[in-house]
Amino acid sequence: APPLPAFGAVSVKPFVATGPWHRIPQVNPKRLYIEGCSLREMIVYAYGINYSQIDGLPEWAKRQYFRVEGVTDKPTTHDQMLLMLRRVLVERFQFAFTETDAMQPVDALVVSPKGLKMKPSTSDSDCGNGVITFDRVKAAKLPPNASVPFAGCTVAELLKGFNLGREIEHGLPVIDKTGLTGQYSMLVWERGAECQEIPGGGQHCDPAETLEDAVKRELGLELVKTTARYRVLHTTKVAPPSAN
């Protein structure tokens, strides 16, 4: 493989949470900033994989958090930033792996038998460009206990939303079997937990919706169990980060 591109300067430091923090990587054309992510989370982000697609990591790689900042000498693309992050993982964490590609269980995203509910977008502004704004949520007139975990334009973006959000240890990767291309206006909202008082005391609570439930209700898409060929990274070497 060709050498991975490098940041002009990079910093890797331990991170200790003292309150809520912004865990989503922040990227602009000359800077990548990651606050309070584990090594496992950074690998998932850098390689665009699901949590179940990497094994062999020690517990510290899942439980210890780091702050990573990389800057470039000139504007670069998001994909190039990810390659630069991979180099950070190799050089600072000594991350190495072998790779397999075999038929394994997956969840496939398909069109529901009841039919597709989402509509093609007529412009970039219709689908929100992946940004969940207050005005857009207000215009949707959602229930008071609703939360919005996803807004996007394409099925590919929705797949990323599924895969990056599946932080459970053995969550299956999600693949696209919809056959849908082009842009769609997608705003997915989840119903929060609803509780009712029980005569005589106490409460009965219906659990909050999952993303899978909300996607089926709002978009007419659902997940089905199947098998497919996909990559798995098997860790062969890793170490706590070297000093800056």
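Up top is the structure.
Basis of the calculations
Residues numbered from 1 in each chain as written. Predicted model: local features only at pLDDT ≥ 70, side-chain atom pairs only at ≥ 80, totals over all residues. Heavy atoms only, no water. Helix = DSSP H or I, 4+ residues; strand = E, 2+ residues; numbered from the N terminus. Buried < 20%, exposed > 50% of the residue type's maximum accessible area, 1.4 Å probe, protein only. Contact = heavy atoms within 4.5 Å. Phe/Tyr/Trp six-rings, centres within 6.5 Å; stacked < 30°, edge-to-face > 60°.

J.: Whenever I open this one, the side chain of Thr 76 confuses me. Can you help?
T.: Turning to its location among the elements, Thr 76 is positioned in the loop between strand 5 (65–71) and helix 3 (78–93). What makes Thr 76 buried here is its relative accessible area of 18%. Sequence-distant contacts of Thr 76, defined by excluding residues within four places in its chain, comprise Pro 29, Met 81 and Met 84.

J.: Explanation requested: the packing of aromatic side chains in the structure shown.
T.: Given two aromatic rings, their pairing is described by the distance between the two centres and the angle made by the two planes. This model, assessed by the stated rule, comprises four aromatic pairs. Consider the rings of Tyr 47 and Phe 95, whose centres lie 6.3 Å apart with planes at 70°: the pair is edge-to-face. Placement of Tyr 47 in helix 1 (residues 39–47) and of Phe 95 in the loop between helix 3 and strand 6 (96–111) is noted, with a sequence separation of 48 residues between them. One exposure class covers both Tyr 47 and Phe 95, and it is buried. Through pairs of rings, three or more aromatic residues link up here, namely Tyr 47, Phe 95 and Phe 97.

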